[in-house]
Amino acid sequence: MRQQQKGNKKMRHTIKAALGALLALLALSALATTVSASAATCQKEGREAEHKTLCVEGKQVGSPTKAAHTFAKWALKPGTSAVISVPEWSVTCTSVKAAQEPEIESGGEWAVRLTGLQLKFSECAVAPSSFKCKVPLPFSTYQLAGSLVPTGAFLLGSGRSNQEFLEFEINGCVLSGIYWVYGTQECAFKQAEVEAVTKELACETSGSKLELRHGQGGAVRLALTGNVELTGESKGKKYSITK
């Protein structure tokens, strides 16, 4: 009798373990399905896209013959700062705001563009602090726009013939003067093909093609990350940029 009870108990443990393994397998399968769905190719109209396109909740924005404009809002990623640096010194700004709502253009020739992004920098300090420099006034980029490049980043520039990007002033120290920055900056959406309401648009120093001019010379590097959400009719909706 005892042996039979032991056998039944052992069998219950075996069944319980098997059920636990089965439930774990089902959970992993569901997770994989969710991840796969979140990165699924969006529904498109007409021929297959030759370039990447904006998708909102799984549906293509724009068509092969007509471009569509979707408004967005940009905000500095919480807990981060913008850093503009040259080899000998740098300017760090803890407040960066968009002067207006930028737009994401999709469709037409299938080129995704980011337009109307003008950033205003304030609450800035110069390092090293031993220079005792000040940035007395807020400063802004020119209105930036750019299309996706093969790397998947937006190559942002002002579109001006001389490629003016921004200018700022430093005073109260040996660096006193106005500094003119020219060139372009690559910025890319992180996990662009995964649908999400908020996406990080990261501008990293490796993508900086900026320089000081007017006799000041030297390469400039920009590090800046912002959160981007859609507004207008697409407010609160998940989006992706995919092919």
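Analysis parameters
Residues numbered from 1 in each chain as written. Predicted model: local features only at pLDDT ≥ 70, side-chain atom pairs only at ≥ 80, totals over all residues. Heavy atoms only, no water. Helix = DSSP H or I, 4+ residues; strand = E, 2+ residues; numbered from the N terminus. Buried < 20%, exposed > 50% of the residue type's maximum accessible area, 1.4 Å probe, protein only. Areas by Shrake-Rupley, 256 points an atom, 1.4 Å probe, with all protein chains shown as cover. pLDDT = per-residue confidence, 0-100. Contact = heavy atoms within 4.5 Å. Pairing = 2+ DSSP bridges. Salt bridge = Lys/Arg side-chain N within 4 Å of Asp/Glu carboxyl O. Polar contact = N/O pair within 3.5 Å; in protein donor to acceptor, adjacent residues only side chain to side chain. Phe/Tyr/Trp six-rings, centres within 6.5 Å; stacked < 30°, edge-to-face > 60°. Lys NZ or Arg CZ within 6 Å of the ring centre and 35° of its normal. Disulfide = S-S within 2.5 Å.

Here we look at the overall build of the chain
Counting secondary structure elements, the chain contains one helix and 16 strands. Counting every position in the chain, which comprises 243 residues, the buried fraction comes to 37%. Total accessible area on the chain stands at roughly 13,800 Å², and carbon and sulfur atoms take up 55% of it.

Section: the confidence of the model for the chain
Here the chain shows a mean pLDDT of 85. Residues at 70 or above account for 79%. Low pLDDT (under 50) marks residues 21-40, which in the prediction has five contacts with non-local residues, meaning those over four places away or in another chain.

A word on the sheet that holds strand S1 (residues 53-56)
The sheet built from three strands is open, its strands ordered S2-S1-S16 with antiparallel pairing. Single-partner strands in this sheet number two, and they are strand S2 (59-60) and strand S16 (239-242). Of the strand pairs in this sheet, S1 and S16 are connected by four bridges, and their pairing is antiparallel. When the bridges of S16 are listed, Val-56 appears paired with Tyr-239.

Things to note about the pairing of strand S8 (residues 119-127)
For strand S5 (residues 90-98) and S8, the ladder comprises eight bridges, and the chain directions are antiparallel. Opposite Val-91, over in S8, you have Val-126 as the bridge partner. Where S8 lies against strand S9 (residues 139-140), two bridges are found, and the strand directions are antiparallel. What sits directly across from Phe-121, in S9, is Phe-139.

Some words on the pattern of salt bridges
For the structure shown, the criterion picks out six salt bridges. For Glu-200, the salt bridge goes to Lys-77, with nearest N and O atoms at 3.0 Å. Here Glu-200 is found in strand S14 (residues 199-212), whereas its partner Lys-77 is found in the loop between strand S3 (67-76) and strand S4 (82-85), with 123 residues between them in sequence. Owing to a relative accessible area of 26%, Lys-77 belongs among the partly exposed residues under this scheme.

Here we look at the side chain of Ser-208
Along the chain, Ser-208 falls in strand S14. A distance of 2.9 Å separates the side chain of Ser-208 from the backbone nitrogen of Leu-222, its partner in a polar contact. Residues within four places of Ser-208 in sequence aside, it is in contact with Thr-184, Gln-185, Val-220, Arg-221 and Leu-222.

A closer look at the packing of aromatic side chains
Within this structure, the stated rule accounts for seven aromatic pairs. Ring centres of Phe-154 and Phe-189 lie 5.9 Å apart, and the angle between their planes is 80°; on these two criteria the pair is classed as edge-to-face. Highlighted residues: Phe-154 in strand S11 (residues 154-156) and Phe-189 in strand S13 (residues 177-189), separated in sequence by 35 residues. Lying across the ring of Tyr-239, Lys-199 places its NZ or CZ 5.7 Å from the centre.

Details of the environment of Ser-158
Looking at where Ser-158 falls in the secondary structure, it is placed in the loop between S11 and strand S12 (164-170). If near-sequence neighbours (up to four positions away) are discounted, Ser-158 is found in contact with Tyr-142, Gln-143, Leu-144, Gln-163 and Glu-164. In this structure the side chain of Ser-158 is engaged in a polar contact, spanning 2.6 Å, whose partner is the backbone oxygen of Glu-164.

Considering the state of the cysteines
By definition, a disulfide links two cysteine residues through a covalent bond between their sulfur atoms. Inspection of every chain in the model, using the stated rule, returns three disulfides. Disulfide partner of Cys-133: Cys-173, at an S-S distance of 1.9 Å. Linking Cys-133 and Cys-173, the disulfide has an S-S dihedral of approximately 105° and is accordingly described as right-handed. Taken together, the residues span a long stretch of sequence, with Cys-133 in the loop between S8 and S9 and Cys-173 in the loop between S12 and S13 at a distance of 40 residues.

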